[in-house]
Amino acid sequence: MSGSTVPMGQYLFRRIKELGTEHILGVPGDFNLTLLDEIYNVPGLKWIGCCNELNGAYAADGYTRIKGAPGVLITTYAVGELSAMNGVAGAYAEHAGMIHIVGMPARAMQKARVMLHHTMEPNMDHAIYIKMADPIRKDHAYLMEDNTMADDIDRVIVSCMHSRLPVYIYVPTDVVSVQLDAKRLETPLDLTLRNPDAKTEDQIVQKILSSVATASNPSILADVLAIRHGGLDLTKKLAQITHFPSFSTPLSKGVIDETASYYYGLYNGQASFPGVAEAVEKSDLVINLGPLLSDSNTGGFTRQIKDENLVRLGHDFVQIKGEKYDGYHFLPILRRLVAELEKQPQKYNLPRPQNGQKVPPPVLNDSKSGQLKQSFVWQRLGRFLKDNDIVLAESGTAQFGMPDATFPPNARYITQIFWSSIGYTVGSCLGALVAAKEMKYPGRVVLIVGEGSMQMTVQEIGTYLRYGFKPIIFVINNNGYAIERAIHGPEQGYNDVSMLWDHQKMLEFFGAREETGIKAKSRAAKTVEDLEAVLNDKDFGSGEMVQLCEIFMDTFDYPWRLSKQLEIARARMKQEAAKSNVTAG
């Protein structure tokens, strides 16, 4: 290699390192092996091997949610990339933009349409799998031409950072060593997010500030895309400066300090604690940051905020009381809003005294003994959490139960209530652990997963141990797919899972044994007394070794929010059916 050139593989990984990403996730395969070699030639970059590609995609998603920099997943052609697609799709749905790099056959082999392994039939177009991924990515680069490779790599990485959506880079085996201009690496990528017109942005900012000045009962509704698109700190600061009554959603829990006087609760339409929906919906100015308006993030579409009271700051458009600005991104606008309010608090009467009475969250179950209930467990787990913990709640009862808990300051929360892929958190937890290590994160990583969900992706727990990670794992054992039982077929066999697993020996099986030197402890809780003994144990909460607590609950016991949302959905379906019958008649 001459001083003025660098192999494509190194160019790619040096650009990735430039983003702050320090670990590459994935699974080796014969079409990506020479590319993987180049990871070891980039100082400060390391490899994390996953058990399968789906888990790798989940891990890249979880990494992105905590680090902010995109997780990077490497798979091999066809069998690897296709296995990862569900995880990539979830990252697309919830804006956890990753970079998925796929090792492909050499260009000559592709052009000749050779019937290689991982193809499906004679004379097959080797790019057919590229077409399959089109709906789950923002952009892609297919590195077939030497003279455009560097441009394509840079373009796609910038696209990922701006959109916070997954992107793909397809790397034929023979291009890994193609020499690219090394001088390009001396100029960092321009990742600055800009709105299309500065004057219009000025108008937007002024209109919002004017609304803030005149509102008598303003509030902040901070949703998940504010976090995904880099607005977490600004959102926190906006709430701190203004003291407006501030609310989160099921996907954005923890975005506002839940111990602060201005935090008024989690808004989920009709599936909210008493007083919360009323407080949001009576506000004459709701600053809605980063909304994601899915069914499960809006209480089954029961959110009731009038357009004339709404300032919607999205990633793709901004809306001010019915006036829409397409193509404008909230982040530059929020940055300016916070700066102006911080500079002139008196002009906007900040911090604003709160007019409405804050309704404290109800204690759902204050049992001191007896069988564990959903109504008790989630709020109790909330009291176990500490400042700066990273909490992962699995699709199922956990993601409907954890909203009942009050989080400590600076808690980070990962759930997937929109895409809702069962088993997601076990892989995502790996990515969160990797990100926390890079960031020297002061909190613990706490995984809460049902025994049915865990059976989908359990092997990645072995990867935690392999790389020395020490999460606290709660396994919710309620004898099958509880969320599916709540939806339909509570006693049908298709909602059962194998109950032959011994979770108390699981960590030992995966490598936590005396001869490996990996310490771990597993416990079980079937009663309130059992759970209290575990949660009050200093060793369990220390985070100094891998810990597992298996929590047993009744098969047909469901979180109230799940039951409420299903009640809303069924009523809606009944109404729609009645309308259809009238129309048909």
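Residues numbered from 1 in each chain as written. Predicted model: local features only at pLDDT ≥ 70, side-chain atom pairs only at ≥ 80, totals over all residues. Heavy atoms only, no water.

A. Looking closely at helix H4 (residues 79-93). The terminal C-alpha atoms of H4, which comprises 15 residues, lie 23 Å apart, in line with the 21 Å expected from a rise of 1.5 Å per residue. Residue Met-85 marks the point of greatest curvature in H4, where the axis turns by about 45 degrees. Gly-80, Glu-81, Ala-84, Met-85, Gly-87, Val-88, Ala-89, Gly-90, Ala-91 and Ala-93 are the residues of H4 that are buried. The inward-facing, buried residues of H4 abut helix H3 (53-67), strand S4 (72-76), strand S5 (99-104), helix H6 (128-132) and strand S7 (167-172). Of the residues one or two after H4, His-95 is the one with positive phi, at around 60 degrees. (Helix = DSSP H or I, 4+ residues; strand = E, 2+ residues; numbered from the N terminus. Expected span 1.5 Å × (residues − 1). Bend = angle between axes of the 7 residues up to and from the residue. Buried < 20%, exposed > 50% of the residue type's maximum accessible area, 1.4 Å probe, protein only. Contact = heavy atoms within 4.5 Å.)

B. Region of interest: the nonpolar core. Grouped together as the largest cluster of nonpolar side chains are 62 residues, with contacts concentrated most on Tyr-168, Ile-390, Leu-430, Met-454, Ile-461, Tyr-464 and Ile-473. Looking at this core element by element, the count peaks at nine residues for helix H15 (residues 424-439). Taken domain by domain, this core gets at least three of its residues from each of domain 1 (5-185) and domain 3 (374-565). Leu-238, Leu-266, Leu-334 and Leu-350 belong to the second-largest nonpolar core, a separate cluster that totals 40 residues. (Core = buried A, V, L, I, M, F, W, Y, C linked by side-chain atoms within 4.5 Å. Domains from an automatic or database assignment.)

C. Fine view of H3. Taking 1.5 Å per residue, 15 residues should reach 21 Å; H3 reaches 21 Å between its end C-alpha atoms and fits that length. Sitting at the head of H3, Asn-52 places a side-chain oxygen 3.2 Å from the backbone nitrogen of Leu-54. A positive phi of about 90 degrees marks Gly-68, the residue just after H3. (Polar contact = N/O pair within 3.5 Å; in protein donor to acceptor, adjacent residues only side chain to side chain.)

D. The arrangement of the domain arrangement of the protein in detail. Here the protein is described as being made up of domain 1 (5-185), domain 2 (198-348) and domain 3 (374-565). Computed over C-alpha atoms, the centres of domain 2 and domain 3 are 31 Å apart. Every contact between the two is made by 21 residues of domain 2 and, on the other side, 20 residues of domain 3. Taken together, the two surfaces of domain 2 and domain 3 that pack against each other cover about 1800 Å², and 61% of this comes from carbon and sulfur. Seen at the junction of domain 2 and domain 3, the total is zero salt bridges. Taken together, domain 2 and domain 3 are joined by five residue pairs in polar contact (both at pLDDT 80 or more). Among the residues making up the side of domain 2 that touches domain 3, the classes are represented as seven nonpolar, nine polar and five charged. (Buried area = accessible area lost by both parts, 1.4 Å probe. Salt bridge = Lys/Arg side-chain N within 4 Å of Asp/Glu carboxyl O. Nonpolar A, V, L, I, M, F, W, Y, C, P; charged D, E, K, R; others polar.)

E. Representation of the sheet that holds strand S13 (residues 310-313). Read from one edge of the open sheet, seven strands run S11-S10-S9-S12-S13-S14-S15, paired in mixed fashion. Edge positions in the open sheet fall to strand S11 (263-266) and strand S15 (323-326), since each of these has one partner strand only. Averaged over neighbouring strand pairs, the angle between their axes works out to 15 degrees when direction is ignored. Where strand S12 (residues 285-289) lies against S13, four bridges are found, and the strand directions are parallel. From the neighbouring strand, Val-286 faces S13, where its bridge partner is Leu-310. (Pairing = 2+ DSSP bridges. Axes fitted to C-alpha atoms, helices over the stretch in contact; angles between N-to-C directions.)

F. Seen up close, the layout of surface pockets. In this structure, the largest pocket occupies an estimated 440 Å³ of space. The wall of the largest pocket is formed by 22 residues, among which Asp-295, Phe-400, Ile-487, Gln-565 and Leu-566 lie closest to the centre. Counting only elements with at least two residues in the lining of the largest pocket, the list comes to helix H14 (397-401), helix H18 (482-487) and helix H22 (560-584). The element contributing the most residues to the lining of the largest pocket is H22, with seven residues. (1 Å grid on protein atoms, 1.4 Å probe; cavity = no way out; pocket = protein on both sides within 12 Å on 5 of 7 lines; lining within 4 Å. Points joined across faces, edges and corners; volume = space filled by probe spheres on them.)

G. Molecular detail of the sheet that holds strand S3 (residues 46-49). Spatial ordering of the open sheet is given by S3-S2-S4-S5-S7-S6, a layout of six strands whose pairing is parallel. In the strand order of this sheet, the two ends are held by S3 and strand S6 (139-142), each with one partner. Taking the axes of each pair of neighbouring strands and ignoring which way they run, one obtains an average angle of 25 degrees across the sheet. In terms of strand pairing, S4 meets S5 through five bridges, oriented parallel. Within the sheet, the bridge partner assigned to Leu-73 lies in S5 and is His-100.

H. Representation of the UniProt feature "domain: Thiamine pyrophosphate enzyme central" (unreviewed entry) in the protein in the model. With numbering matched to this structure, UniProt assigns "domain: Thiamine pyrophosphate enzyme central" (unreviewed entry) to residues 205-321. The distance from the first to the last C-alpha atom of residues 205-321 is 13 Å, and the span holds 27% helix and 21% strand. (UniProt positions renumbered as here; feature names shortened; annotations may be inferred.)

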